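Chain by chain, the residues:
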Amino acid sequence: MKRVDGHVTLVTGASRGVGRGIALALGAAGATVYVTGRTTDADPPGELPGTIDATVREVTAAGGHAIALRCDHRDDAQVEAVFARIEADHGRLDLLVNNVWGGYERMVEDGVYRFADPFWQQPLSRWDSMFEAGVRAHYVASAFAARLMVAVGRGLIVNISFFAAQKYLSNVAYGVSKAATDRLTRDCAHELRAHGVAVVSLYPGLVRTESVMRAADYLDLSNSESPEFVGRAVAALAADPDVLRRSGEVLVAAALAREYGFTDLDGRTPRALSLAEI
């Protein structure tokens, strides 16, 4: 795995899932990792396990250094406080990973999963959750991060996105939100390039998150990825001294593994999926 010793990093939405995996990988690679989320030990999770405090303990147990900062990314004042804390502690931010995502909340009604219902039969709140705790949250965090990065003339912002940006995947609001995330990447990259700051979108494949593993009996996991694998992709980008050349691009974690030479935890390299296979 690529080393990012000394990097000051922030991973949003790191209580569980992909965010937790990215935090673990960055900590193992030598970074100082700030993790945000709404779920703490003092505020136990719902159906799925995981808190930002638990993530910090895992990073520490693996020899890394992490700091948990409770933050509801729908509240701009809380987000601003996170960046103020990082600036007070270090005076800079090297890497922001925009992973927070509230788009799957309230997807189950009366025991029925409603993700694939026609858009006119879905409550408007589902659009709001995907944008408020998704696209808008990424925009706000990027704005605060850019102020720190532009001041020192370097930095990397990674927006976690998905293939739904380019292909219909059963939910209109989901596809539009991911397309908006990729456009956010391109336009922010355009404005930040002259300041030495890179912005990319990163697509995971099928990731063995807590929610995916609950449905493992119904899925083909033969080409799946651990959450830490996505983190290794982020670490490889952060360690690349010429990452600015990639700014504005949409990148696939499994394709980066072959390019940068890292593997998953089990030593395998998952195959990068094409749009036709999604």
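Above this text sits the structure in question.
Because the structure is a prediction, the values reported are computed rather than measured. (Residues numbered from 1 in each chain as written. Predicted model: local features only at pLDDT ≥ 70, side-chain atom pairs only at ≥ 80, totals over all residues. Heavy atoms only, no water.)

Caption draft 1: Structural view of the sheet that holds strand β4 (residues 95-98). Judged by pairing direction, the sheet is parallel, and its seven strands sit side by side in the order β3-β2-β1-β4-β7-β8-β9 without closing on themselves. Looking at which strands have only one partner, the edges of the open sheet turn out to be β3 (65-70) and β9 (250-252). Across this sheet, the average inter-strand angle for adjacent strands is 20 degrees, counted without regard to direction. Pairing geometry for strand β8 (residues 197-203) and β9, over three bridges, is parallel. Within β9, the residue paired with S201 across the bridge is V250. Set on the sheet, helix α2 (residues 52-61) makes contact with β2 (32-37) and β3; between it and β3 the angle comes to about 175 degrees. Packing against the sheet, helix α3 (residues 76-90) makes contact with β1 (8-11), β2, β3 and β4, and its axis sits at approximately 165 degrees to β2. (Pairing = 2+ DSSP bridges. Helix = DSSP H or I, 4+ residues; strand = E, 2+ residues; numbered from the N terminus. Axes fitted to C-alpha atoms, helices over the stretch in contact; angles between N-to-C directions. Contact = heavy atoms within 4.5 Å.)

Caption draft 2: Representation of the packing of helix α1 (residues 17-28) against helix α7 (residues 227-239). Contact pair α1 / α7: the axes reach a minimum separation of 7 Å and the direction vectors enclose 55 degrees. Relative to α7, α1 is oriented oblique. The chirality of how α1 crosses α7 is right-handed. Every residue of α7 that contacts α1 at G17, V18, R20, G21, I22, L24, A25 and L26 is listed here: P227, E228, V230, G231, R232, V234 and A235. Classifying every residue of the contact of α1 with α7 by side-chain character gives nine nonpolar, three polar and three charged. (Parallel < 35°, antiparallel > 145°, perpendicular 65-115°, else oblique. Left-handed = near helix turned anticlockwise from the far one by under 90°. Nonpolar A, V, L, I, M, F, W, Y, C, P; charged D, E, K, R; others polar.)

Caption draft 3: Spatial organisation of the packing of aromatic side chains. Applying the stated rule across the entire model yields eight aromatic pairs. With centroids separated by 5.4 Å and ring planes inclined at 85 degrees, the aromatic side chains of F119 and W120 adopt a geometry described as edge-to-face. In this pair, the class of F119 matches that of W120, namely exposed. Arranged with centres 5.3 Å apart and planes meeting at 80 degrees, the rings of F162 and F163 form a pair that is edge-to-face. The residues F162 and F163 share a single accessibility class, namely buried. Cluster of aromatic residues (ring-pair linked, three or more members): W101, F115 and Y174. The ring of W101 has K178 lying over it, and the distance from NZ or CZ to the ring centre is 4.0 Å. (Phe/Tyr/Trp six-rings, centres within 6.5 Å; stacked < 30°, edge-to-face > 60°. Buried < 20%, exposed > 50% of the residue type's maximum accessible area, 1.4 Å probe, protein only. Lys NZ or Arg CZ within 6 Å of the ring centre and 35° of its normal.)

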